[in-house]
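Coordinate inspection notes
This is what each chain is made of:
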Amino acid sequence: MILNEPADYRAALRRLDALVAAGFEGNAVLEAEFRELIVAVDTYEDKLGLLPIPNLPTTLVEMIELKRQQMRLKQKDLAQLLEVPAGRLSQILSGKRRVTLDLAKKLYERLGISPEFILRTA
């Protein structure tokens, strides 16, 4: 099966949804159709150059790094933005030092990291 145009792609996605909703597991014919559709969709997406959805950060360090990259800041520039010494930020990012309440507030105010995420992962 080859998907050539957006309408084919949308139809394939709808059929995949229908197979999942119907419960294709255990039915050899439906399982084969499902696998064929997956390959066709993957091939079409590769042809379009779609990027895979990145994994969302699960730790505060990963979130800080993501925000730093999004803002196109070097680590020393991020330290200046957060008003912490570069060495201290390096220790935090390497896991050798914990985030203080003052820094947590700055992470929220200046980087837009949600307070819930900070509290849950700090």
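Structure first, text after, so check above.
Below you will find a few notes about this structure. Remember, predicted model here, so these are calculated numbers, not experimental data. Think of each chain on its own: its residues are numbered from 1, step by step along the sequence as written. In keeping with the model being predicted, local features are shown solely for residues with a pLDDT of at least 70 and side-chain atom pairs are shown and tallied solely at 80 or more, while totals for entire chains, interfaces and linings include all residues. Side-chain calculation: all heavy atoms of the structure are included, whereas hydrogens and water are not.

Considerations on the pattern of salt bridges
Put simply, a salt bridge is a Lys or Arg side-chain nitrogen that is within 4 Å of an Asp or Glu carboxyl oxygen. All chains considered together, the criterion is met by 5 salt bridges. With its nearest N and O atoms 3.5 Å apart, the salt bridge here joins E83 to K106. Taken together, the residues span a long stretch of sequence, with E83 in the loop between α4 (75-82) and α5 (86-93) and K106 in helix α6 (residues 101-111) at a distance of 23 residues. E83 sits in the exposed class, given a relative accessible area of 53%. Only protein chains enter the area calculation, which uses a 1.4 Å probe; residues under 20% of their type maximum are buried, those over 50% are exposed, and those in between are partly exposed. Taking relative accessible area as the criterion, K106 reaches 9% and is therefore assigned buried. Notably, a salt bridge pairs R110 with E83, separated by 3.3 Å at the nearest N-O pair. One end of the pair, R110, is in helix α6; the other, E83, is in the loop between α4 and α5, and 27 residues separate them in sequence. A run of H or I in DSSP counts as a helix once it spans at least four residues, and a run of E counts as a strand once it spans at least two, with each numbered from the N terminus.

Considering the side chain of K67
The topology assignment puts K67 in helix α3 (residues 60-70). Discounting residues that sit within four places of it in the chain, K67 has contacts with L111, G112 and I113. Contacts between residues were defined by any pair of non-hydrogen atoms, one from each residue, lying within 4.5 Å.

Notes on α3
Residues L60, M63, I64, K67 and R68 constitute the buried set of α3. The buried residues of α3 occupy an angular sector of 135° when the element is viewed end-on, so they sit on one face. Positive phi appears at R72, one or two residues downstream of α3, with a value of about 55°. The arc under discussion is defined with respect to the helix axis, by the directions toward the C-beta atoms.

A closer look at unusual backbone geometry
Non-glycine residue R72 carries a positive phi angle of around 55°. As for its position among the elements, R72 is in the loop between α3 and α4. For R72, a relative accessible area of 77% gives the class exposed. The backbone of E83 shows a phi angle near 55°, a positive value even though the residue is not glycine.

Brief notes about the environment of I118
Following the sequence through the fold, I118 ends up in helix α7 (residues 115-121). Accessibility expressed as a relative area gives 5% for I118, which makes it buried. Here the alpha-carbon distance between I118 and A79, two residues 39 residues apart in the chain, equals 18 Å. Setting aside anything within four residues of it in sequence, one finds I118 in contact with L60, A104, L107, Y108 and I113.

Quick notes on the packing of α4 against α5
Interaxial distance between α4 and α5 falls to 9 Å at its minimum, and their mutual angle equals 105°. What the angle tells us is that α4 and α5 run roughly perpendicular. Note on element contacts: α5 touches α4 through A86, L89, S90 and L93, opposite Q75, L78, A79 and L82. Fitted lines through C-alpha atoms serve as axes, helices being fitted only where they are in contact, and the angles separating the N-to-C directions of these axes extend from 0 to 180 degrees. Oblique is the label for any angle not under 35 degrees, not over 145, and not in the 65 to 115 range, which are roughly parallel, roughly antiparallel and roughly perpendicular in turn.

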